Amino acid sequence: MNKINSMMLMLFLGAALAALTGCKTAEPATASSPAMKYTCPMHPEIVRDAPGNCPICGMTLVEKH
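Along every chain, residues carry numbers that run from 1 in the direction the sequence is written. Per-residue local features of the predicted model are confined to residues with pLDDT of at least 70, and side-chain atom pairs are confined, for both listing and counting, to 80 or more; whole-chain, interface and lining totals are unaffected and use all residues. In computing side-chain values, all of the structure's heavy atoms are included and hydrogens and water are not.

Novice: Explanation requested: the overall build of the chain in the structure shown.
Specialist: Scanning the chain for helices and strands turns up 2 helices and 3 strands. Secondary structure elements follow DSSP: runs of H or I of four or more residues count as helices, runs of E of two or more count as strands, with numbering from the N terminus. Taken from N to C terminus, the helices and strands of the chain fall in the order α-α-β-β-β. Out of the 65 residues belonging to the chain, those deemed buried represent 11%. Put simply, of all contacts in the chain between residues at least 6 apart along the chain, 15% involve residues at least 24 apart. For the chain, the exposed surface amounts to about 5700 Å²; the carbon and sulfur share of it is 67%. We call a residue buried when its accessible area falls under 20% of the maximum for its residue type, exposed when it is over 50%, and partly exposed in between, using a 1.4 Å probe and counting protein chains only. Only heavy atoms enter the contact rule, under which two residues are in contact if any of them lie within 4.5 Å. Method for areas: the Shrake-Rupley scheme with a 1.4 Å probe, in which residue coverage is limited to the protein chains shown.

Have a look at this one:
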């Protein structure tokens with residue numbers, strides 16, 4: 001009986017240690033930094049992935065926050 005208890009204790013401790021120190025994978029860089037969006041200050045419905053000018057009024061697009 002004592003041997004079974006010792007085995008169960010070792011199994012439990014091993015599982016607890018594995019859970020606490022589990023393998024952690026790094027997230028891809030794209031997941032941690034969202035893509036920047038650009039919008040027109042006068043026309044917020046204009047949203048682009050890159051800087052440029054508003055197709056309606058020609059103003060410079062600014063970073064969307």
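Once the structure has been displayed, the description carries forward.
Novice: So what exactly am I meant to see when it comes to the pattern of salt bridges here?
Specialist: Put simply, a salt bridge is a Lys or Arg side-chain nitrogen that is within 4 Å of an Asp or Glu carboxyl oxygen. Throughout the structure, instances matching the rule amount to 1 salt bridge. Close ionic contact of aspartate 49 with lysine 37 constitutes a salt bridge, the shortest N to O distance being 2.5 Å. Here aspartate 49 is found in the loop between β2 (47–48) and β3 (62–63), whereas its partner lysine 37 is found in the loop between α2 (29–32) and β1 (38–39), with 12 residues between them in sequence.

Novice: Please explain the nonpolar core as it appears in this structure.
Specialist: Grouped burial of nonpolar side chains is what soluble globular proteins tend to show. Here, nonpolar core refers to any group of buried Ala, Val, Leu, Ile, Met, Phe, Trp, Tyr and Cys residues whose side-chain atoms link them within 4.5 Å. Counting residues in hydrophobic clusters, the biggest one holds 5 residues: Tyr38, Cys40, Ile46, Cys54 and Leu61. If we skip the residues at most four places from it in the chain, cysteine 54 touches Cys40, His43, Ile46, Met59 and Leu61.

Novice: Whenever I open this one, the environment of cysteine 40 confuses me. Can you help?
Specialist: Structurally, the position occupied by cysteine 40 is in the loop between β1 and β2. With a relative accessible area of 2%, cysteine 40 lands in the buried category. Ignoring sequence-local partners within four residues, the contact set of cysteine 40 consists of Ile46, Cys54, Cys57, Met59 and Leu61.

Novice: Help me understand the sheet that holds β3, please; the structure alone is not making it clear to me.
Specialist: Backbone hydrogen bonds hold the strands of a sheet together, and the pairing may be parallel or antiparallel. The antiparallel open sheet is built from 3 strands, whose spatial order is β2-β1-β3. Either end of the sheet is taken by a strand with one partner, and the two such strands are β2 and β3. In this scheme, strands are said to pair when DSSP sees at least two bridges between them. Relative to β2, β1 runs antiparallel, the two being bridged by 2 bridges. Opposite threonine 39, over in β2, you have valine 47 as the bridge partner.

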